[in-house]
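Structural overview for review
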Amino acid sequence: MNAMTQTELHTLSNSHLDALEEETIFILREVAAAFERPTLLFSGGKDSLVMLKCAEKAFGAGRIPYPLLMIDTGHNFTEVTDFRDARAKELGAELIVRNVEDSMKRGTVRLAHPGESRNVHQSVTLLEAIEEFRFDALIGGARRDEEKARAKERIFSHRDSFGQWQPKAQRPELWTLFNHKLQPGEHFRVFPISNWTELDVWQYIARERIALPSIYYTHKREVVDRRGLLVPVTELTPPKDGEKVVVRDVRFRTVGDITCTCPVESDAATPEQIVIETLAADVSERGATRMDDKTSEASMEKRKKDGYF
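Structure report, in brief. (Residues numbered from 1 in each chain as written. Predicted model: local features only at pLDDT ≥ 70, side-chain atom pairs only at ≥ 80, totals over all residues. Heavy atoms only, no water.)

**Quick notes on the overall build of the protein**
Helix and strand counts for the protein stand at 11 helices and 10 strands. Counting every position in the protein, which comprises 309 residues, the buried fraction comes to 52%. A separation threshold of at least 6 residues defines the contact pool for the protein, and within that pool the share at least 24 residues apart is 74%. (Helix = DSSP H or I, 4+ residues; strand = E, 2+ residues; numbered from the N terminus. Buried < 20%, exposed > 50% of the residue type's maximum accessible area, 1.4 Å probe, protein only. Contact = heavy atoms within 4.5 Å.)

Okay, here's the thing in structure tokens:
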């Protein structure tokens, strides 16, 4: 850290976090009041942990009025899934986990080849879980700064009876007034931290002392450089012929399916140090870490129309 950056950190205001937190708490309470069968999508990642902290403040520890839902590809980092289970148990919250592998057994998910990423197929398993539990609102941790398609999303994002998102059919949200009306079979995806940025999230984590899975902080890991991304070397993502395996100090800016999530080089070991790195970052977290978003400019929007988060 150079002297200028240290000064920036000391003078960086986080007073705006109070307004963001207040808005998030208001939305979480609005969902509890307006819907019969809501659920909070909980992956164990930083955004869902921030949302869970706000839910604690909204309702009190041990009193969150909706279950937590995780769609597991079976290829998630164990550090994250173990943390997910421990945090849910600590809160006394109901945790529902549904697996893409079960959808594969039912034949509703079919991979093009054994090595295909299961990440996109979470949409099928999610829609099956919505039908199973008759959820009418799913609270997610997506933020508008993450990706172009997510910037189009309303806070209360209407989904039709097929679970599809229609950008042109989104409802106005003037003066924070939300239209909750649903036809049979429809549901909402609700995004309480839409107006937060990656920097806001890390400032809030630092302020609230929110515990995170260890892979969010610097650690040594074997990686290969592939198309400008550091791909972790695992059983699911082995090096290709001619690729050189190196050990780097890395951390994950976002966590997801191992087959499409990459770390970034970093020696940041605390939230405060990550705040400094985030201030200097010139690539979005998904742009720097997600292989599945690099297939085309419209890849995320297409997946959202098919029922993705």
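**Focus on the sheet that holds strand E3 (residues 95-99)**
Paired through their backbone hydrogen bonds, the strands of a sheet run either parallel or antiparallel. Read across the sheet, 6 strands follow the order E3-E2-E1-E4-E6-E5 without closing on themselves; strand pairing throughout is mixed. Each edge of the open sheet carries a strand with a single partner, namely E3 and strand E5 (156-159). Recorded for the sheet is a direction-independent mean angle of 30° between the axes of neighbouring strands. Where strand E1 (residues 38-41) lies against strand E4 (residues 137-139), 3 bridges are found, and the strand directions are parallel. Residue pairing in the sheet places Leu40 in a bridge with Ile139 of E4. (Pairing = 2+ DSSP bridges. Axes fitted to C-alpha atoms, helices over the stretch in contact; angles between N-to-C directions.)

**Examining the environment of Ile215**
Here Ile215 is to be found in the loop between helix H8 (198-208) and strand E7 (219-226). C-alpha separation for the pair Ile215 and Glu79, spaced 136 residues apart in sequence, amounts to 7.1 Å.

**Comments concerning unusual backbone geometry**
Positive phi values are uncommon outside glycine, yet Arg134 reaches one of about 55°. With respect to the helices and strands, Arg134 occurs in the loop between helix H6 (122-133) and E4.

**Re helix H2 (residues 16-34)**
Helical geometry note: an α-helix holds 3.6 residues per turn, so side chains three or four residues apart project in the same direction. The terminal C-alpha atoms of H2 lie 27 Å apart, and with 19 residues this matches the ideal 27 Å at 1.5 Å per residue to within 8%. For H2, the complete set of buried residues consists of Leu17, Leu20, Glu21, Thr24, Ile25, Ile27, Leu28 and Val31. All buried residues of H2 fall inside an arc of 160° around its axis, so they share one side. In H2, the exposed positions angled more than 90 degrees off the buried face are occupied by Glu22 and Ala33. In this structure, the buried side of H2 is in contact with E1, helix H3 (46-59), E4, E5, strand E6 (187-190) and H8. (Expected span 1.5 Å × (residues − 1). Arc of directions from axis to C-beta.)

**Here's the deal with a nonpolar patch on the surface**
On the surface, Leu174, Trp175 and Leu177 cluster together into a nonpolar patch covering about 430 Å² of accessible area. Looking at where Leu174 falls in the secondary structure, it is placed in the loop between E5 and E6. The exposed category is assigned to Leu174, whose relative accessible area is 53%. (Patch = residues over 30% accessible without salt bridge, like charges linked within 9 Å, V, L, I, M, F, W, Y side chains within 5 Å. Areas by Shrake-Rupley, 256 points an atom, 1.4 Å probe, with all protein chains shown as cover. Salt bridge = Lys/Arg side-chain N within 4 Å of Asp/Glu carboxyl O.)

**Quick look at the sheet that holds strand E8 (residues 229-232)**
Taken in spatial order, the 4 strands line up as E8-E7-E9-E10 in an open sheet, and their pairing is antiparallel. Edge strands, defined here as strands with exactly one partner in the open sheet, are E8 and strand E10 (264-265). As defined by bridge partners, strand E9 (residues 246-251) adjoins E10 across 2 bridges and the pair is classed as antiparallel. Residue pairing in the sheet places Arg251 in a bridge with Val264 of E10.

Everything listed is a geometric property; what it means functionally is a separate question.
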